[in-house]
Amino acid sequence: MRTDTPQTIYRKDYTPPAYWVDTVEMGFDLDPAETRVATRMTMRRNPDSRARNLLLHGEGLQLAQLRVNGKALGPRAYALGQGTLEIFNPPQNVVLEIETVIKPDQNTSLMGLYVSNGNFFTQCEAEGFRKITYFPDRPDVMARYTVMLRADKERYPVLLSNGNLIDQGDLGDGRHYATWEDPFKKPSYLFALVAGNLVCHEETYRLQSGREVLLQVWVEEGNLDKTQHAMESLKNSIRWDEERFGLELDLDRFMIVAVGDFNMGAMENKGLNIFNTKYVLANPRIATDADFANIESVVGHEYFHNWTGNRVTCRDWFQLSLKEGLTVFRDQEFSADMIGTDTGRAVKRIEDVRVLRQAQFPEDAGPMAHPVRPDSYVEINNFYTVTIYEKGSEVVRMYQTLLGKDGFRKGMDLYFQRHDGQAVTCDDFRAAMADANGRDLTQFELWYSQAGTPRVKVETRYDAIGKQYEMTLSQSCPPTPGEESKQPFHIPVAVGLLDAAGRDIPLRLAASGAGPDAPTTLVLELTRDKQTFVFTHVPERPVPSVLRDFSAPVILDIDYADEELAFLMAHDSDAFNRWEAGQRLAMRRMLALTEQVEADPAALQNLDEPMLVDSFRATLNDEALDPAFRELALTLPSETIIAEQMAVVNPQAIHAVRRALRRLLAQQLRLDWRVAYEGNRDAGPYSPDASAAGRRGLKNLALGYLAELDDTESHLLAQSQYDNANNMTDRMAALAALANGGAPGREDALAGFYDEFKDEALVVDKWFTLQAMARNTDVAAVRALMSHPAFTLKNPNRARSLIFSFCNGNPPQFHATDGSGYGFWAESVIALNRINPQVAARLARSLDRWRKFTPPLRAMMQDALRQVARSGPLSKDVHEVITKSLAE
Ligand code: B3K
Ligand code: ZN
């Protein structure tokens, strides 16, 4: 904790390190109260650096020994600063020996070495290694590690670190040791150790090359029956990376370890991935379809980092998206390929775009907006954002859209050929893509350097005599903090044209000659402020389908008539745009209604929306459409997404409108929902595969709509599904339906659920989440839940399950007009700040967009932000978020 203003780090200030580290040998004497860490590093001066001194980072360490080339250092030969150790003018070659003492059981930040349920774990990205020993803790310093772990044999029978196990044995005094050697050089952020009482599910797996590797999933005793899906996901990931990118697992052993206390999802430490239990443990009893899908994608994500992140890493943390954007893109493609079907791919694409719109667009329009490659930061942990990850992934996807799948692969091959074993920049990646394809991607750099979501406006003109269709695209991008004006981006806009029967018209551009096999989707490259593209041989006035498959992370302004949207919804060959048309139609109506409600609170009384209801009915009953697709198409845009469309946000009005529309759809399509419900019920054993999950999704959507009626029939339906469910997906859907209304069985179901699952931490999280997001849960109810014996702020999953779910997932209650939600938020940020700055800073982001709300809410939000600001010493993490939120 600190009171002074923390320092800002700038990208332009990057300088190479004064010393390289070749080898690191570490010895750990593990003890929760006091762990001794002895480190021996061989280092050599970097000829490209002008600095004379050797700078190491260290935080919260007790320094017990410091020797250079065998000699203890005198007090004048070095200086300990705030988080640094500087050794003055060392020789060309240095053997540096350091001993530190740390206190893992006091470590509630969950960075560095810490204890979770009696076992030891580490988390070093981004800057956690410096909480273990003094080290040049920056990603461009890559070294070869050998690590010896020593600990009590009974309490810590399992001792793991990166790479291969080369030795193990007894120490005689009730303790034992294990020595691990990582054959690959790596930055310190990829270091990991695990020690404790764990068991593993292991399998051998044969790579395409014929080599056999050992795969292990480590969990606490009693959880082995929840590891199969993670193991399958790992094997699928290994195979996929060989097939799609020709990338082979480079180790003989690959381990995944699950831990219950973890700040984020998982961590790609070389050969020893450490995972939040939430992204490992699953079986039908405790995990939902969404959990199964998330596990597959996170296991894939961390595995794919082995090449995109570990073999080729980042030069500095400003380049974070080099590995994160690319690896998210890879995990998205993996999940899509695992589903396999065209609609399956579209469904996955829609889900990913929903996340982007729900979280990244608001970030890009708010006070924390930053480019995919930021120019400065105060606390790097605050920059593991949806912009770095999700927008970063969209940027990578645009290369593939511009260069084609084969061109993209060529670029990837060149990237690895050039940079394997190096720490590089986003520019290096772009250069590989450009050079492998003979393309000039200079302008594309703006996607990395400019923040903000571009808007693309579409205007069209049809010339019936010349049979020409003109499409004029223009782009703009609103200012973001510190960036008033923007230069035009290089935007791939995928376009199709539909004839009156809804068929794709073959596309020919005036500029390029007509070929016989004209495509039905063309990628137009918008590079200037405004450009006109002329299509020839267009027999009739078409309906344009623009930004197919969401070919760029932009907001599309296009003037469709309601009928055109309904037409696209019914006919577009691009499944993404079919969905999009429906969302636009719904959004248009919801915005209009919100305006009406604000003027007249009674405006929703005789609600009638024939166009919307008809189009929903048609989609719901269209058996030719995949159930998973129908589920997405029949889900109204979220309250957050609606809010983003408005200049001034009134959360109560938005909620009232969305709710009223849901009720209307429930009433008017009651029988249709009922038919869909029955028609998508599966008897027999549970399987999480995409098609079964899609049917369950549609069935449970129907249940959710019917539950809006809050009548005996819907109560009975929910109760019976709850009582008879053979899987957690159906259980949760039924429980949510019960919890959101006035079903007589509500309290019993909630209590019974807790009782049945109280020993399953991940299910208890769900129980808190469900209540946090329930319609009638106000701040008082959340506080009551906080005094439940199962609640603790110290466990991030638990804190997120209740507090984050309420603040981010229950808009009408969080934005209660008396400001109680904001007061609760401030208290929670302040309390978490003392325990875990990273988790606190995430929660601090919940009031980011305060300026967008109606004046009374805005004023109360500002007060709450100020309350946190003056609450006492704040971590760098929270300080940065609050300061930026309040900045003019
Ligand atoms: N690279 C880690 C994230 C580390 C977050 C540090 N605050 C997980 C991932 O993106 O795969
Ligand atoms: Zn990642």
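Residues numbered from 1 in each chain as written. Chains lettered and ligands numbered in written order. Predicted model: local features only at pLDDT ≥ 70, side-chain atom pairs only at ≥ 80, totals over all residues. Heavy atoms only, no water.

Surrounding the zinc ion (ligand 2) are the protein donor atoms His301 (NE2), His305 (NE2) and Glu324 (OE), which sit 1.9 to 2.0 Å from the metal. Each donor residue of the zinc ion (ligand 2) lies on the same chain, and together they follow the pattern H-x3-H-x18-E. Of the two residues, His305 sits in the loop between helix 2 (289–304) and strand 23 (313–314) while Glu324 sits in helix 3 (residues 320–339), which places them 19 residues apart along the sequence. Here the two residues His305 and Glu324 agree in accessibility, since each one is buried. (Donors = N, O, S within 2.8 Å, 3.2 Å for Na, K, Ca; no water. Helix = DSSP H or I, 4+ residues; strand = E, 2+ residues; numbered from the N terminus. Buried < 20%, exposed > 50% of the residue type's maximum accessible area, 1.4 Å probe, protein only.)

Once that is clear, we can look at the site of ligand 1. Near ligand 1, the surroundings consist of 15 residues, among which Glu125, Glu268, Glu302, Asn381 and Tyr389 are the closest. In the model, an oxygen atom of ligand 1 is placed 2.8 Å from a nitrogen or oxygen of the Glu302 side chain. Interatomic distance of 3.4 Å between a side-chain N/O atom of Lys323 and a nitrogen atom of ligand 1. A total of 340 Å² of accessible area belongs to ligand 1 in isolation, and the protein chains cover 95% of it. (Near = heavy atom within 4 Å. Polar contact = N/O pair within 3.5 Å; in protein donor to acceptor, adjacent residues only side chain to side chain. Areas by Shrake-Rupley, 256 points an atom, 1.4 Å probe, with all protein chains shown as cover.)

Here the focus is the pattern of salt bridges. Counted under the stated rule, the structure contains 75 salt bridges. Between Glu470 and Arg461 there is a salt bridge, and its shortest N-O distance comes to 3.2 Å. Overall, the relative accessible area of 24% leaves Glu470 in the partly exposed class. Where Glu483 meets Lys486, a salt bridge forms, and the shortest distance between an N and an O atom there is 2.8 Å. Comparing Glu483 with Lys486 shows no difference in burial state: the two are buried. What you see here is one network of salt bridges that share partners, running through Arg670, Arg674, Glu678, Arg681, Asp711 and Glu713. (Salt bridge = Lys/Arg side-chain N within 4 Å of Asp/Glu carboxyl O.)

Between helix 21 (residues 796–809) and helix 24 (residues 837–844), the least distance of the axes is 11 Å, while the angle of their chain directions is 10°. Regarding the angle of helix 21 to helix 24, the classification is roughly parallel. Contact with helix 21, carried on its side by Pro796, Arg800, Ile803, Phe804 and Cys807, involves Val839, Arg842 and Leu843 of helix 24 and no other residues of that element. Its residues placed into classes, the contact of helix 21 with helix 24 shows six nonpolar, no polar and two charged. (Axes fitted to C-alpha atoms, helices over the stretch in contact; angles between N-to-C directions. Parallel < 35°, antiparallel > 145°, perpendicular 65-115°, else oblique. Contact = heavy atoms within 4.5 Å. Nonpolar A, V, L, I, M, F, W, Y, C, P; charged D, E, K, R; others polar.)

Okay, the sheet that holds strand 19 (residues 212–220) next. An order of 18-19-20-22-21 is seen for the five strands of this open sheet, with the pairing classed as mixed. In the strand order of this sheet, the two ends are held by strand 18 (198–206) and strand 21 (266–267), each with one partner. Bridge count between strand 21 and strand 22 (residues 272–276): two bridges; the pairing is antiparallel. For Met267, the partnering residue across the bridge sits in strand 22 and is Ile274. Helix-sheet contacts for helix 1 (residues 228–245) involve strand 18, strand 19 and strand 20 (253–259), and the interaxial angle to strand 18 is about 30°. Against the sheet, helix 2 engages strand 20, strand 21 and strand 22, with an angle of about 150° to strand 22. (Pairing = 2+ DSSP bridges.)

So, on to the UniProt feature "domain: Peptidase M1 membrane alanine aminopeptidase" (unreviewed entry) in the chain. As recorded in UniProt, the feature "domain: Peptidase M1 membrane alanine aminopeptidase" (unreviewed entry) lies at residues 230–444. In the segment residues 230–444, helix accounts for 56% and strand for 9%; the C-alpha atoms at its two ends are 37 Å apart. (UniProt positions renumbered as here; feature names shortened; annotations may be inferred.)

Now for the domain arrangement of the chain. On domain assignment, one finds that the chain holds domain 1 (313–449), domain 2 (455–552) and domain 3 (758–888). For domain 1 and domain 2, the distance between their C-alpha centroids amounts to 24 Å. In this assembly, 20 residues from domain 1 lie in contact with 16 residues from domain 2. Around 1500 Å² of area is buried between domain 1 and domain 2 when both sides are counted, 63% of it from carbon and sulfur atoms. When residues of domain 1 are sorted by the area they lose upon contact with domain 2, Gln443, Leu446 and Trp447 head the list and together hold 33% of the total. Inspection of the domain 1/domain 2 interface yields one salt bridge. The partner of Arg439 in a salt bridge is Glu525, and the shortest N-O contact between them spans 3.0 Å. Inspection of the domain 1/domain 2 interface yields seven residue pairs in polar contact (both at pLDDT 80 or more). Of all the secondary-structure elements, those providing two or more residues to the side of domain 1 that touches domain 2 are helix 4 (342–364), helix 5 (386–419) and helix 7 (446–449). Counting residues per element, the side of domain 1 that touches domain 2 draws most heavily on helix 4, at six residues. For the side of domain 1 that touches domain 2, a count of residues per class yields 11 nonpolar, four polar and five charged. (Domains from an automatic or database assignment. Buried area = accessible area lost by both parts, 1.4 Å probe.)

Sheet architecture is open: four strands sit in the order 10-11-17-13, paired in antiparallel fashion. Single-partner strands in this sheet number two, and they are strand 10 (112–116) and strand 13 (158–161). Each adjacent strand pair in this sheet contributes to an overall mean axis angle of 15°, direction not counted. Inspection of the sheet shows strand 10 paired to strand 11 (residues 119–123) by five bridges, in the antiparallel sense. Residue pairing for strand 11: Ser116 is matched across the bridge by Asn119.

According to the stated counting rule, one finds four cavities of 30 Å³ or more in the structure shown. In this structure, the largest cavity occupies an estimated 70 Å³ of space. In terms of lining, the largest cavity is formed by 13 residues, of which the most central are Tyr560, Leu568, Asn577, Glu580 and Arg584. At the level of secondary structure, the elements contributing two or more residues to the lining of the largest cavity comprise strand 31 (543–546), strand 32 (555–558), helix 8 (562–571) and helix 9 (575–599). Element by element, the count of residues in the lining of the largest cavity is highest for helix 9, at four residues. Along the lines of polarity and charge, the residues of the lining of the largest cavity split into eight nonpolar, two polar and three charged. In this structure, the second largest cavity spans a volume of roughly 60 Å³. Ser321, Leu322, Gly325, Leu326, Val372, Gly392, Val395, Val396, Phe429 and Tyr448 together form the lining of the second largest cavity. Contributing elements (two or more residues each) for the lining of the second largest cavity: helix 3 and helix 5. Looking at which element gives the most residues to the lining of the second largest cavity, the answer is helix 3, with four residues. Across the lining of the second largest cavity, the residue classes tally to seven nonpolar, three polar and no charged. (1 Å grid on protein atoms, 1.4 Å probe; cavity = no way out; pocket = protein on both sides within 12 Å on 5 of 7 lines; lining within 4 Å. Points joined across faces, edges and corners; volume = space filled by probe spheres on them.)

Of all hydrophobic cores here, the largest spans 216 residues; its most connected members are Tyr399, Phe408, Phe429, Met471, Phe535, Val546 and Trp825. Among the elements that make up this core, the one with the highest residue count is helix 5 (11 residues). Setting aside residues up to four positions removed in sequence, Tyr399 forms contacts with Gly404, Phe408, Phe429, Arg430, Met433, Leu441, Phe444 and Tyr448. Core analysis: the next-biggest nonpolar cluster, separate from the first, contains 70 residues, Phe28, Ile87, Ile102 and Ile132 among them. (Core = buried A, V, L, I, M, F, W, Y, C linked by side-chain atoms within 4.5 Å.)

So, about helix 21. Residues spaced three or four apart along an α-helix point in a common direction, a consequence of the helix completing one turn every 3.6 residues. The first and last C-alpha atoms of helix 21 sit only 17 Å apart over 14 residues, clearly below the 20 Å expected at 1.5 Å per residue. Along helix 21, the sharpest kink reaches roughly 35°, centred on Ile803. Of all 14 residues that make up helix 21, 11 are buried, and the element is covered over most of its length. Every buried residue of helix 21 is listed here: Pro796, Asn797, Arg798, Ala799, Ser801, Leu802, Ile803, Phe804, Ser805, Phe806 and Cys807. (Expected span 1.5 Å × (residues − 1). Bend = angle between axes of the 7 residues up to and from the residue.)

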